[in-house]
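So the chains spell out like this:
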Amino acid sequence: MQDKDLICENNHVHDEVCEQVTVDMPNEDTLYDVAELFKIFGDSTRIRILSALAQAEMCVCDIGSVLNMTKSAVSHQLRILRQAKLVKSRRSGKEIFYSLDDGHVLSIINLALEHIQE
């Protein structure tokens, strides 16, 4: 398909469709927040951590071992993921365990994997 095939030859705006889309689209602030969320998902290290946490609740040492990363590198990425509300933590004695924040995060990961594997 050439670039010229991607451009309408007709110069006609479909007003009803445009009005409905304008009404239904999320506001600019919400779309900005979605873009920021996708930036977080745009880092392969963070995706690897999320993928590991999709399998099991893990501590920093466990994640580092599975992904061959230093505790410092894992901790840095977990801080970003926590701020984005993608992971949560719980303390058990002296250990802190991490897991996905909720089912939405797992759904996003699974949908992305499904899309890539098509």
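Criteria and cut-off values
- Residues numbered from 1 in each chain as written.
- Predicted model: local features only at pLDDT ≥ 70, side-chain atom pairs only at ≥ 80, totals over all residues.
- Heavy atoms only, no water.
- Pairing = 2+ DSSP bridges.
- Helix = DSSP H or I, 4+ residues; strand = E, 2+ residues; numbered from the N terminus.
- Contact = heavy atoms within 4.5 Å.
- Axes fitted to C-alpha atoms, helices over the stretch in contact; angles between N-to-C directions.
- Buried < 20%, exposed > 50% of the residue type's maximum accessible area, 1.4 Å probe, protein only.
- Polar contact = N/O pair within 3.5 Å; in protein donor to acceptor, adjacent residues only side chain to side chain.
- Core = buried A, V, L, I, M, F, W, Y, C linked by side-chain atoms within 4.5 Å.
- Expected span 1.5 Å × (residues − 1).
- Salt bridge = Lys/Arg side-chain N within 4 Å of Asp/Glu carboxyl O.

Taking strand neighbours across the sheet as the criterion, the three strands line up as β1-β3-β2 in an open arrangement whose pairing is antiparallel. The open sheet terminates on both sides in strands that have one partner only, identified here as β1 (58–59) and β2 (87–92). Pairing between β2 and strand β3 (residues 95–100): six bridges, direction antiparallel. Across the sheet, residue Ser 89 finds its bridge partner in β3, namely Tyr 98. Together, β1, β2 and β3 form the strand contacts of helix α3 (residues 44–55), whose direction differs from that of β3 by roughly 95°.

Below, the discussion takes up the environment of Asp 43. Position of Asp 43 relative to the elements: it lies in the loop between α2 (28–41) and α3. Residue Asp 43 is classed as partly exposed on the basis of its relative accessible area of 24%. In this structure the C-alpha to C-alpha distance between Asp 43 and Leu 31, which are 12 residues apart in sequence, comes to 19 Å. A polar contact of 2.9 Å, which involves the side chain of Asp 43, links it to the backbone nitrogen of Thr 45.

It is worth spelling out the nonpolar core at this point. Among the nonpolar cores identified, the biggest contains 20 residues, and Ile 49, Leu 50, Leu 53, Ile 63, Leu 78 and Leu 81 are the most heavily contacted of them. Secondary structure elements with two or more residues in this core: α2, α3, α4 (60–67), α5 (71–83), β3 and α6 (103–116). Per-element accounting of this core gives the leading share, four residues, to α3. Among all residues touching Ile 63, those that are not within four sequence positions of it are Ile 49, Leu 53, Met 58, Val 74 and Leu 78.

With that settled, the discussion passes to α6. With 14 residues, α6 extends 20 Å between its outermost C-alpha atoms, agreeing within 8% with the 20 Å of an ideal straight helix rising 1.5 Å per residue. The N-capping residue of α6, defined by a side-chain oxygen 2.9 Å from the backbone nitrogen of His 104, is Asp 102.

For the structure on display, the rule yields two salt bridges. In this structure, the salt-bridge partner of Glu 36 is Lys 39, at a minimum N-O distance of 2.9 Å. One end of the pair, Glu 36, and the other, Lys 39, are both in helix α2, three residues apart, so they sit about a helical turn from each other. Judged by its relative accessible area of 27%, Glu 36 falls in the partly exposed class. As a salt-bridge pair, Arg 90 and Glu 57 come within 2.8 Å of each other at their nearest N and O atoms. Here Arg 90 is found in strand β2, whereas its partner Glu 57 is found in the loop between α3 and β1, with 33 residues between them in sequence.

On to the environment of Ile 63. As for its position among the elements, Ile 63 is in helix α4. C-alpha separation for the pair Ile 63 and Val 74, spaced 11 residues apart in sequence, amounts to 7.1 Å.

The next thing to look at is the side chain of Arg 46. Examined against the element boundaries, Arg 46 turns out to sit in helix α3. Reaching out from Arg 46, the side chain makes a polar contact with the side chain of Gln 77 at a distance of 2.9 Å. Leaving out residues up to four positions away in the same chain, Arg 46 has contacts with Lys 39, Ile 40, Gln 77, Ile 80 and Leu 81.

Purely spatial values, then, with no claim about function.
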